[in-house]
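Each chain is listed here by its residues.
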Amino acid sequence: MSKPTLGVLGGGQLGSMLAIAAKKLEIKTVIYCDDAHAPAQKFSDEFIYGKYDDEEKINELINKTDVITYEFENIPYETLNKINKTKPVLPKPSVNRIIQHRLAEKDFINNLNIRTTQYVLIENKSEINAVQNLLPGLLKTTTLGYDGKGQHLINSIEDLNDLNVDFSKGYILEKLVKLKKEISIIITRFSDKKYEIYDPIENIHEDQILKSSTIPADISDKILELSKSWAMQIAEELKYVGTLCVEFFIDRNENLYVNEIAPRVHNSGHLTINAYNISQFENHVRAVCNLEQIKLIKISNAKMINLMGSQISVYRNRKYGPKEFFFDYLKKEIKTKRKMGHLTTLV
């Protein structure tokens, strides 16, 4: 039986690592991206440059592939839905529709009786006066935004006077928890109640951008089991196919909260490439291409650090030990706060 050709919407580092994983499985990849310099084209079999609403280019992708996935969640729902009428899109477009909108995402999680921070929809500045019990809080755009973009820390109502917030975009206000630590669960769902689930990963953020990830997370057995259980419940309810990340907060009283869901492979899971027999990327390709599910085996504990901006120049000229694994994303332009690569160390 011939293997399918995989289309990937998005051409950043996640697309690159999906293409590398696919090549290992002898799966051809076609990367589609609206950035002509997308680094993933260096690792794929074919590259299509086009806007995500370019019907002609999207049809080219459809004609060249058997199944399509995506490396980030802000692909227009209309595009995913159109493709899905001809070729399967996995995870399915309805998943993205929920998770693209922060209010819909939070409501979905709460309807499963899974705890999130307190939140409320904010449509104008005056509404914040009525919910000052949620301060200090984070004001977030309901759509778009990642790595801290579209987010404003509000300690008191006076802080709003110093911010230039366009409330026509739609926001939610989330009450800040007294944070002890942040963890994530990477899970791959193949079909009904068939999963591979990685151990919880402990994450440290700086300026709301992931700085480092460590496995195993230093957490209680109760938190370990509950975080895995909630991740499985979310994946099952979504009837998800592929790799999914659930990000959690743990407060100082050992309460667990779901922060957000990423319907894709995730930055915190990069260490799975070296720490496990099957990475999050390979498992995603296996699931969406309907390949064999293989039991996960952890090879080693690990720590990953993100290399931001000009840091990459130093690491490109370093020598590495046998337990160090350097990944250069080969991005054309170095920018401050841009993820340029990562280093995983087995410990």
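Scroll up for the structure.
The rules behind these values
- Residues numbered from 1 in each chain as written.
- Predicted model: local features only at pLDDT ≥ 70, side-chain atom pairs only at ≥ 80, totals over all residues.
- Heavy atoms only, no water.
- Buried < 20%, exposed > 50% of the residue type's maximum accessible area, 1.4 Å probe, protein only.
- Helix = DSSP H or I, 4+ residues; strand = E, 2+ residues; numbered from the N terminus.
- Pairing = 2+ DSSP bridges.
- Axes fitted to C-alpha atoms, helices over the stretch in contact; angles between N-to-C directions.
- Parallel < 35°, antiparallel > 145°, perpendicular 65-115°, else oblique.
- Left-handed = near helix turned anticlockwise from the far one by under 90°.
- Contact = heavy atoms within 4.5 Å.
- Nonpolar A, V, L, I, M, F, W, Y, C, P; charged D, E, K, R; others polar.
- 1 Å grid on protein atoms, 1.4 Å probe; cavity = no way out; pocket = protein on both sides within 12 Å on 5 of 7 lines; lining within 4 Å.
- Points joined across faces, edges and corners; volume = space filled by probe spheres on them.

1. Comments concerning the pairing of strand E12 (residues 209-215)
Part 1 of the argument: Burial runs high along E12: five of the seven residues are buried.
Part 2 of the argument: Between strand E11 (residues 201-206) and E12, which pair antiparallel and follow one another directly, the connecting turn spans two residues, one of which, Asp 207, has a positive phi of 55°.
Part 3 of the argument: In this structure, E12 lies alongside strand E15 (residues 302-308), joined through four bridges in antiparallel fashion. Looking across to E15, one finds that Ile 215 is bridged to Ala 302.

2. Brief notes about the packing of helix H1 (residues 13-24) against helix H9 (residues 280-288)
Part 1 of the argument: Interaxial distance between H1 and H9 falls to 8 Å at its minimum, and their mutual angle equals 65°. It follows from the interaxial angle that H1 and H9 lie roughly perpendicular. The interaxial crossing formed by H1 with H9 has right-handed handedness. Between H1 and H9, the contacting residues are Leu 14, Met 17, Leu 18, Ala 21, Ala 22 and Lys 24 on the first element and Phe 281, Glu 282, His 284 and Val 285 on the second.
Part 2 of the argument: Here the residues of the contact of H1 with H9 sort into seven nonpolar, one polar and two charged.

3. Section: the layout of surface pockets
Part 1 of the argument: In this structure, the second largest pocket encloses a volume near 260 Å³.
Part 2 of the argument: Lining of the second largest pocket is provided by 13 residues; of these, Glu 206, Lys 211, Asn 306, Met 308 and Gln 311 occupy positions nearest its centre.
Part 3 of the argument: When contributions to the lining of the second largest pocket are tallied by element, the ones reaching two or more residues are E12 and E15.
Part 4 of the argument: For the lining of the second largest pocket, the element with the most residues is E15, which contributes four residues.
Part 5 of the argument: Among the residues forming the lining of the second largest pocket, the class breakdown is five nonpolar, four polar and four charged.

4. Some words on the side chain of Thr 5
Part 1 of the argument: Following the sequence through the fold, Thr 5 ends up in the segment before strand E1 (6-9).
Part 2 of the argument: Classification of Thr 5 by relative accessible area gives buried; the value is 17%.
Part 3 of the argument: If we ignore the near neighbours within four places in the chain, the residues touching Thr 5 are Lys 28, Val 30, Lys 64, Thr 65, Asp 66 and Val 67.

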